[in-house]
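Take a look at the letters that make up each chain.
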Amino acid sequence: MENTQVLLNIVWTMVGAFLVYFMQAGFAMVETGFTRAKNSGNILMKNMMDFVLGSLFFFIIGFALMFGGSNAFIGTSGFFNPKALADADGMFNGLPIGVFMIFQTVFCATSATIVSGAMAERTKFISYLIYSAAISIFIYPITGHWIWGGGWLSQIGFHDFAGSTAVHMVGGLCALAGAKMVGPRIGKYTKEGNPVAIPGHNLPLGALGVFILWFCWFGFNCGSTTAATYNLGDIAMTTNLAAAAATLVTLIVTWVRYGKPDISMTMNGALAGLVAITASCDVVNDYEAIFIGAVAGVVVVFAVEFFDKVVKIDDPVGAISVHGVCGALGTLFTGIFGEGCNFITQLIGFVAVAAYTLVLAFILFFILKKTIGLRVTEKEEVDGLDMHEHGCSAYANFHFHNDK
């Protein structure tokens, strides 16, 4: 029976890992659909390379920083040979180390890919490759060590079951730093500073991405048990109910606020609910999950407006609001509703991870801006990144209107 349980745990964790990998497709579709056609190929390349670079650098360095040893702040062993961290039977945290590693790898890549949407349509491809690798090397793994690698936050009881903080808030705050540093797209703001809507070119593609992400989130949250346990159905229910509640509430808020139910904002509402429930999906009941999702559905609308109109940070897909703001929201709600969780502990974790991530991200983007540069030229941006960065168009034989 014990051997059967281990085999079931292996199978379930691998299924979860495969689903989380497929989130890359979801993010690629959302970001492509919510931006302009002339940059579609560039966005697809960025999402592909997030996973490629994340896989390689997390294997070489990141896994060791996250899981290598008992130091409270940083992993100290397993560099360039992470499988050396396994015990004599090849196991790590109750699983064969290869199973555990691939599951953690896809999570790392998810955090890195959040940034591409916020900085879309005006960022140099080479700069993107560098900071995507950097996130996988020394930003995500170190805060991940604090939370999931036996570090100081896990020691004081911080709870982040599947990564509202560890994955989404980290990615969202890196997106915030990057979008602020690279500046808004040409034509995003009038001379008076008023925001101008730049519609995405393909809502069906964006919607497909949201459906893929919702589907894959069951692997993200339920898979984080890394075991075939009795509470998988409960985790799936809280995950789904939070997403449904957030989507409905966002639809209602936009209908009241704008006079019509906004399609892209409602789609983002679904993602906001999923992000918010990710920390607490294993320790809240169904009605608490509905409440958390509903609040996220309201917050995401006003967060998008805040960054767009007040702070004037151009985020084409709303990644900062969805992942950064709602990740923080879900982290704090865990301290209020989560069984056995403490609000002060959750607040400490939120502040510590946010401070580390923002400082490191701003340093990273500042160095890139002052050396090789973050932004493409005005002509490249107006013509589209596909032709200038990659020498092709995602939509061959289509003619695009070049706008400023």
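The residue count restarts for each chain, going from 1 along the sequence in the order it is written. Residues qualify for local features only when their pLDDT is at least 70, as the model is predicted, and side-chain atom pairs are given and counted only at 80 or more; totals for whole chains, interfaces and linings, by contrast, use all residues. Values shown for side chains rest on all heavy atoms present in the structure; no hydrogens or waters enter the calculation.

- As recorded in an unreviewed UniProt entry, the chain goes by Ammonium transporter and comes from Fusicatenibacter saccharivorans.
- Per UniProt, the comment on the chain under Sequence similarities (unreviewed entry) is "Belongs to the ammonia transporter channel (TC 1.A.11.2) family." UniProt positions are given in the numbering used here, feature names are shortened, and annotations may be inferred rather than shown by experiment.

**What to know about the packing of helix H7 (residues 203–222) against helix H8 (residues 232–258)**
- All axes here are fitted lines through C-alpha atoms, helices being fitted over the stretch that makes contact, and every angle between N-to-C directions spans 0 to 180 degrees. Secondary structure elements are taken from DSSP: a helix is a run of H or I of four residues or more, a strand is a run of E of two residues or more, and numbering for both begins at the N terminus. Contact pair H7 / H8: the axes reach a minimum separation of 9 Å and the direction vectors enclose 140°. Relative to H8, H7 is oriented oblique. Helix-helix and strand crossings are classified by hand; for H7 and H8 the assignment is right-handed. Contacts between H7 and H8 involve Trp 214, Trp 217, Phe 218, Asn 221 and Cys 222 from the first element and Leu 232, Ile 235, Ala 236, Thr 239, Asn 240, Ala 243, Ala 244 and Thr 247 from the second.
- The classification used treats Ala, Val, Leu, Ile, Met, Phe, Trp, Tyr, Cys and Pro as nonpolar, Asp, Glu, Lys and Arg as charged, and all other residues, Gly among them, as polar. Here the contact of H7 with H8 is composed, by residue class, of nine nonpolar, four polar and no charged. Just so you know how the angles are binned, under 35 degrees is roughly parallel, over 145 roughly antiparallel, 65 to 115 roughly perpendicular, and the rest oblique. The hand of a helix crossing depends on one turn: near helix anticlockwise from the far one by less than a right angle means left-handed, and clockwise means right-handed. Contacts are residue-level and defined by heavy atoms, with any inter-residue pair within 4.5 Å sufficient.

**Describing the packing of aromatic side chains**
- Aromatic rings from Phe, Tyr and Trp, taking only the six-membered ring of Trp, are treated as a pair when their centres fall within 6.5 Å; an angle between ring planes under 30 degrees marks them as stacked, one over 60 as edge-to-face, and anything in between as tilted. For the structure on display, the rule yields 22 aromatic pairs.
- On the basis of an interplanar angle of 40° and a centroid distance of 5.0 Å, the ring pair of Phe 63 and Phe 67 is categorised as tilted. With Phe 63 and Phe 67 both in helix H2 (residues 40–67) and four residues apart, this pair spans about one turn of that helix. The exposure classification of Phe 63 matches that of Phe 67, with both residues buried.
- Seen from their ring centres, Phe 333 and Phe 337 are 5.7 Å apart, and the 40° between their planes marks the pair as tilted. Remark: Phe 337 and Phe 333 occur in helix H11 (residues 319–337); sequence separation between them is four residues, near one turn of the helix. Remark: exposure states derive from per-residue accessible area (1.4 Å probe, protein chains only) relative to the maximum for the residue type, with buried under 20%, exposed over 50%, and partly exposed in between.

**So, the pattern of salt bridges**
- For salt bridges, the criterion is a side-chain nitrogen of Lys or Arg within 4 Å of an Asp or Glu carboxyl oxygen. Overall, the coordinates contain seven salt bridges when judged by the stated rule.
- The residue Arg 36 makes a salt bridge to Glu 121 at a minimum N-O spacing of 3.0 Å. A residue pair is termed long-range when its members are at least 10 positions apart, and Arg 36 in the loop between helix H1 (2–33) and H2 and Glu 121 in the loop between helix H3 (97–118) and helix H4 (125–148) qualify at 85 residues. Grouping residues by exposure puts Arg 36 and Glu 121 together as buried.

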